[in-house]
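Chain residues, written in single-letter form:
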Amino acid sequence: MLLLRKDQTMATPHINAEMGDFAPAVLMPGDPKRAERIAHMLMDDAKLVTDVRGMLGFTGTVNGRPLSVMGSGMGQPSATIYATELYRWFGVERIIRVGTCGGISPKVKVGDVVVALGAHTDSAMNTLRIPGVHFSAVASFKLASAAVAAAKEADNVHVGTIISRDHFYLPVEGQVQKLADYGVLGVEMEAAAMYGVAAEFGKEALTVLTVSDHLLDGSADMTAEERETKFRGALDLAVAAAFV
Ligand code: ADE
């Protein structure tokens, strides 16, 4: 659904940019203010290209190569809207979600980084895609390989499955321990749907997460300051994937 604006340029319902305003690769944190911080951290020439509903998106260059950074909002419906519009109408080829997760596996500690190869989910979003099928929400192998190579076997970087849940607060009896038993590394709220959208459009997606809290090991949550400093490690892996 493209909308003709007064100035005769096109916009989508949730992105007021023009074709060509986005780079082929987009880093996508949940928080639009974090998108702004990342854009200015990585790029001297970052320009605001969209701000509908305060969901800020920026484009600039890193070592001469174009890159965009845009918020996804929280949850799978929100992330799906932005990923769909970027892939479908703005020529975006790859989206790398950069966010936080709650740790589930005992192997994962607060401050560690998770590269999400696949995302289980309790959401119905991907079950609607192919009738009668439990969709496998998986990352782009190429992007995941690039992120893992950039990690250089660092012992705080974990590669495996996560779960994208639709609830942040609702406790489901026994669920988290069972997920741990199945080796699930962490929980967040967007990746499974984003992998589904990438598959729908034949594009690439990856999720790189910093563990901000742990659901089972009783460790303290990250402070706001730690979130910013520790986040840099995950961001470097995401940038490596963006430019592979
Ligand atoms: N993101 C960071 N921590 C989380 C948690 N505990 N649950 C869901 N998403 C998260």
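Residues numbered from 1 in each chain as written. Predicted model: local features only at pLDDT ≥ 70, side-chain atom pairs only at ≥ 80, totals over all residues. Heavy atoms only, no water.

An unreviewed UniProt entry annotates the protein chain as Purine nucleoside phosphorylase originating from Gleimia coleocanis DSM 15436. Regarding the protein chain, the relevant UniProt record gives this comment under Sequence similarities (unreviewed entry): "Belongs to the PNP/UDP phosphorylase family." (UniProt positions renumbered as here; feature names shortened; annotations may be inferred.)

Peer 1: Which residues make up helix α6 (residues 224-242), and what values go with them?
Peer 2: An α-helical turn contains 3.6 residues, so a residue and the one three or four places further along point in the same direction. The first and last C-alpha atoms of α6 sit 26 Å apart over 19 residues, in line with the 27 Å expected at 1.5 Å per residue. Taking the largest bend as the criterion, α6 deviates by roughly 35°, centred on R232. Within α6, burial applies to F231, A234, L235, L237, A238, V239, A241 and A242. (Helix = DSSP H or I, 4+ residues; strand = E, 2+ residues; numbered from the N terminus. Expected span 1.5 Å × (residues − 1). Bend = angle between axes of the 7 residues up to and from the residue. Buried < 20%, exposed > 50% of the residue type's maximum accessible area, 1.4 Å probe, protein only.)

Peer 1: Give me the environment of H14: which residues, what numbers.
Peer 2: For H14, the position within the fold is in the loop between β2 (10-11) and β3 (25-28). A relative accessible area of 19% means that H14 is categorised as buried. Among all residues touching H14, those that are not within four sequence positions of it are T50, V52, R53, I81, Y82 and E85. At a separation of 2.6 Å, a polar atom in the side chain of H14 contacts the side chain of E85. (Contact = heavy atoms within 4.5 Å. Polar contact = N/O pair within 3.5 Å; in protein donor to acceptor, adjacent residues only side chain to side chain.)

Peer 1: Account for the packing of helix α3 (residues 141-151) against α6, with residues named and values stated.
Peer 2: A pair of packed helices is captured by two measures, namely the crossing angle of their axes and the spacing between those axes. Two elements in contact, α3 and α6, have axes whose closest approach is 8 Å; the angle formed by their N-to-C orientations is 135°. Regarding the angle of α3 to α6, the classification is oblique. Here α3 and α6 pass one another in a crossing that is right-handed. The segment α3 lies against α6, with L143, A146, A147, A150 and A151 engaging L237, A240 and A241. (Axes fitted to C-alpha atoms, helices over the stretch in contact; angles between N-to-C directions. Parallel < 35°, antiparallel > 145°, perpendicular 65-115°, else oblique. Left-handed = near helix turned anticlockwise from the far one by under 90°.)

Peer 1: Provide a residue-level description of the pairing of β3, including the pertinent values.
Peer 2: By the alternation rule, side chains of β3 split into A25 and L27 and V26 and M28, which are all buried. Relative to strand β7 (residues 94-103), β3 runs parallel, the two sharing four bridges. Within β7, the residue paired with V26 across the bridge is I95. By the bridge criterion, two bridges tie β3 to strand β6 (residues 65-70) in an arrangement that is parallel. Counted as the bridge partner of L27 is V69 from β6. (Pairing = 2+ DSSP bridges.)

Peer 1: So what's going on with the site of the ligand? Residues and values would help.
Peer 2: Neighbouring residues of the ligand: T100, C101, G102, F168, V187, E188, M189, S212, D213 and L215. Separating a nitrogen atom of the ligand from a side-chain N or O atom of D213 is a distance of 2.7 Å. Contact with the protein chains removes 88% of the 260 Å² of surface that the ligand exposes when unbound. With respect to the pocket detection grid, the ligand is positioned in the largest pocket. Secondary-structure elements contributing two or more residues to the shell around the ligand are β7, β10 (186-188) and β11 (204-214). Ranked by residue count, the leading element in the shell around the ligand is β7, at three residues. (Near = heavy atom within 4 Å. Areas by Shrake-Rupley, 256 points an atom, 1.4 Å probe, with all protein chains shown as cover. 1 Å grid on protein atoms, 1.4 Å probe; cavity = no way out; pocket = protein on both sides within 12 Å on 5 of 7 lines; lining within 4 Å. Sits in = over half its atoms within 2 Å of the grid points.)

Peer 1: Before we move on, could you go through the nonpolar core and cite the residues and values that matter?
Peer 2: Soluble globular proteins tend to bury their nonpolar side chains together. Core analysis: the biggest nonpolar cluster contains 68 residues, and F22, L27, L86 and L206 have the highest contact counts within it. With eight residues, the top contributor of residues to this core is α6. Ignoring anything within four residues of it in the chain, the contact list for L86 reads I15, F22, V26, M28, M70, G91, V92 and I95. I104, I163, V176 and A180 belong to the second-largest nonpolar core, a separate cluster that totals seven residues. (Core = buried A, V, L, I, M, F, W, Y, C linked by side-chain atoms within 4.5 Å.)

Peer 1: Talk me through unusual backbone geometry; I want residue IDs and the actual numbers.
Peer 2: The phi dihedral of N63 falls on the positive side, at around 50°, and the residue is not glycine. Considering the arrangement of structural elements, one finds N63 in the loop between β5 (57-62) and β6. Under the relative-accessibility criterion, N63 is labelled exposed at 78%. The residue E153 is not glycine, and still its phi comes out positive at about 60°. Mapped onto the fold, E153 is located in the loop between α3 and β9 (157-164). Judged by its relative accessible area of 80%, E153 falls in the exposed class.

Peer 1: A description of the packing of aromatic side chains should follow, citing residues and the corresponding values.
Peer 2: Scanning the model with the defined rule gives three aromatic pairs in all. Measuring from ring centre to ring centre gives 6.4 Å for Y87 and F201, while their planes differ by 35°; the resulting arrangement is tilted. Highlighted residues: Y87 in helix α2 (residues 76-89) and F201 in helix α5 (residues 191-201), separated in sequence by 114 residues. For F201, a relative accessible area of 24% gives the class partly exposed. Ring centres of F168 and Y169 lie 4.8 Å apart, and the angle between their planes is 70°; this geometry places the pair in the edge-to-face category. Note that R34 overlies the ring of F231, its terminal NZ or CZ placed 4.2 Å from the centroid. (Phe/Tyr/Trp six-rings, centres within 6.5 Å; stacked < 30°, edge-to-face > 60°. Lys NZ or Arg CZ within 6 Å of the ring centre and 35° of its normal.)

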